Amino acid sequence: MRAQHHLASLLVLAVGFYACGNDPSARESSQPDPLGDGGTFTPDGDAGPNEEPPPVPTKLVLGFFNVRDFGAVCDGTADDTAAFTGAFAKAEVAGGVVLVPAGRCRITASLSVPSAVTIAGVGFKAPIADASETSLGGSWIIVDESLTQKNAIALVGGSVLRDLGIWHRQPAPAEGWSPRAFGWAITMEPDALVRDVWLANPTRGIHGIGRVTIENVRGQPIEMGIQIDEAYDVVRIRRVQFDASTAWS
């Protein structure tokens, strides 16, 4: 009787294995579509007939968007503005983190960070006095001279900027020298947050409206460091250090 029971169990397991584990169509149909594009996704990453292998969906599922995946080169020469714009558009759908990799990501137009989106780097190596742009380490956004008279990065309410440096391209100091008249390096709407950021050579540093939080910020703003307007609620500014010396060579 016991032998018959074991034999019946083995038969059930064998049938279950064939139906659910050994039939490719059954395995594929049981998988969700992680990319939301209606394509076929198999556990081992194999593509269906006439299909390209599906991309790894990690950054989409977890809400992380590396600007390199949107075409950024971050070599200080290529224009990476469109890559940031594309990453922000994806992250804005449900909120997410736009990752700035180690390197020098050059922008030629103002960036706007949507609400519920964080733009974050990997950290930065603080530049020493008379440092050159090419000596920068970590994650840096390079503000091109074409942004003269314009703000660099606008934080919409509820957005975050952290763990990176922002370098404004200024002319080398010489007799009769004057800095470029850039706008603000960062503008902030209420409930925006700036944390662990270095501001190298901006004409003006940070302009906030209302209830903003600014923490662990260093750098060398030339004309003005921080200005807060319409401060009808609590404004939090902690651990800010601005030097009189310039950072560029």
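Provided above is the structure to which this section pertains.
Residues numbered from 1 in each chain as written. Predicted model: local features only at pLDDT ≥ 70, side-chain atom pairs only at ≥ 80, totals over all residues. Heavy atoms only, no water.

Caption draft 1: Here's a closer look at the overall build of the chain. Counting secondary structure elements, the chain contains 4 helices and 16 strands. For the chain, buried positions account for 38% of its 249 residues. If you take every contact in the chain between residues at least 6 apart in sequence, the share linking residues at least 24 apart comes to 56%. When the accessible area of the chain is evaluated, it comes to approximately 13000 Å², of which 55% is carbon and sulfur surface. (Helix = DSSP H or I, 4+ residues; strand = E, 2+ residues; numbered from the N terminus. Buried < 20%, exposed > 50% of the residue type's maximum accessible area, 1.4 Å probe, protein only. Contact = heavy atoms within 4.5 Å. Areas by Shrake-Rupley, 256 points an atom, 1.4 Å probe, with all protein chains shown as cover.)

Caption draft 2: Highlighting the state of the cysteines. Summed over all chains, the structure comprises 1 disulfide. Bridging Cys74 to Cys105, the disulfide has an S-S length of 2.1 Å. Its torsion about the S-S bond being 90°, the disulfide of Cys74 and Cys105 is classed as right-handed. A residue pair is termed long-range when its members are at least 10 positions apart, and Cys74 in the loop between strand E1 (64-66) and strand E2 (75-79) and Cys105 in strand E4 (residues 103-107) qualify at 31 residues. Cys105 shares its class with Cys74; the two are buried. (Disulfide = S-S within 2.5 Å.)

Caption draft 3: Up close: the packing of aromatic side chains. Taken as a whole and assessed by the stated rule, the structure comprises 5 aromatic pairs. Each ring, one from Phe65 and one from Phe70, has its centre 6.5 Å from the other, and the planes form 50°; the classification is tilted. Under the relative-accessibility criterion, Phe65 is labelled buried at 5%. Grouped by ring-pair contacts, the aromatic residues Phe124, Trp140, Trp167 and Trp198 constitute a single cluster. (Phe/Tyr/Trp six-rings, centres within 6.5 Å; stacked < 30°, edge-to-face > 60°.)

Caption draft 4: Layout of the sheet that holds strand E13 (residues 204-209). Reading across from one edge, E5-E9-E11-E13-E15 is the order of the 5 strands in this open sheet, with parallel pairing throughout. With one partner strand each, in any of the chains shown, strand E5 (111-113) and strand E15 (224-229) form the two edges of the open sheet. Across this sheet, the average inter-strand angle for adjacent strands is 15°, counted without regard to direction. The pairing of E5 with strand E9 (residues 153-155) spans 3 bridges and is parallel. The residue bridging Ser112 from the neighbouring strand is Ala154, located in E9. (Pairing = 2+ DSSP bridges. Axes fitted to C-alpha atoms, helices over the stretch in contact; angles between N-to-C directions.)

Caption draft 5: Up close: the pattern of salt bridges. Under the counting rule described, the total for this entry stands at 10 salt bridges. Put simply, Asp191 and Arg211 hold a salt bridge, and the shortest N to O gap is 2.6 Å. With Asp191 in the loop between strand E11 (184-188) and strand E12 (193-200) and Arg211 in the loop between E13 and strand E14 (213-219), this pair connects stretches of sequence that are 20 residues apart. Residue Glu215 is joined to Arg195 by a salt bridge in which the shortest nitrogen-to-oxygen separation is 2.7 Å. In this pair, Glu215 is assigned in strand E14 and Arg195 in strand E12, connecting sequence segments 20 residues apart. Overall, the relative accessible area of 7% leaves Glu215 in the buried class. Overall, the relative accessible area of 24% leaves Arg195 in the partly exposed class. Residues joined by salt bridges that share partners form a network here, namely Arg104, Arg106, Glu133, Asp144 and Arg169. (Salt bridge = Lys/Arg side-chain N within 4 Å of Asp/Glu carboxyl O.)

Caption draft 6: Spotlight on the nonpolar core. Counting residues in each nonpolar core, the largest one holds 38 residues, and the members touching the most others are Phe84, Ile119, Ile153, Leu155, Ile186 and Met188. If near-sequence neighbours (up to four positions away) are discounted, Ile119 is found in contact with Phe84, Phe88, Val98, Val100, Val113, Ile141, Val160, Leu161, Arg162 and Leu164. Leu136, Ile142, Trp167 and Trp198 belong to the second largest nonpolar core, which has 6 residues in total. (Core = buried A, V, L, I, M, F, W, Y, C linked by side-chain atoms within 4.5 Å.)

Caption draft 7: Here's a closer look at unusual backbone geometry. Positive phi outside glycine occurs at Asp196, with the angle close to 55°. Tracing the chain through its elements places Asp196 in strand E12. A residue is classified by how much of its surface remains accessible, and Asp196, at 22% relative accessible area, is partly exposed. At Asn216, a position not held by glycine, the phi torsion is positive, near 55°. For Asn216, the position within the fold is in strand E14.

Caption draft 8: Looking closely at helix H4 (residues 81-92). The first and last C-alpha atoms of H4 sit 17 Å apart over 12 residues, in line with the 16 Å expected at 1.5 Å per residue. Taken as a whole, H4 has its buried residues at Thr81, Ala83, Phe84, Ala87, Phe88 and Ala91. Projected onto a plane normal to the axis of H4, the buried residues spread over an arc of 160° and lie on a single side. (Expected span 1.5 Å × (residues − 1). Arc of directions from axis to C-beta.)

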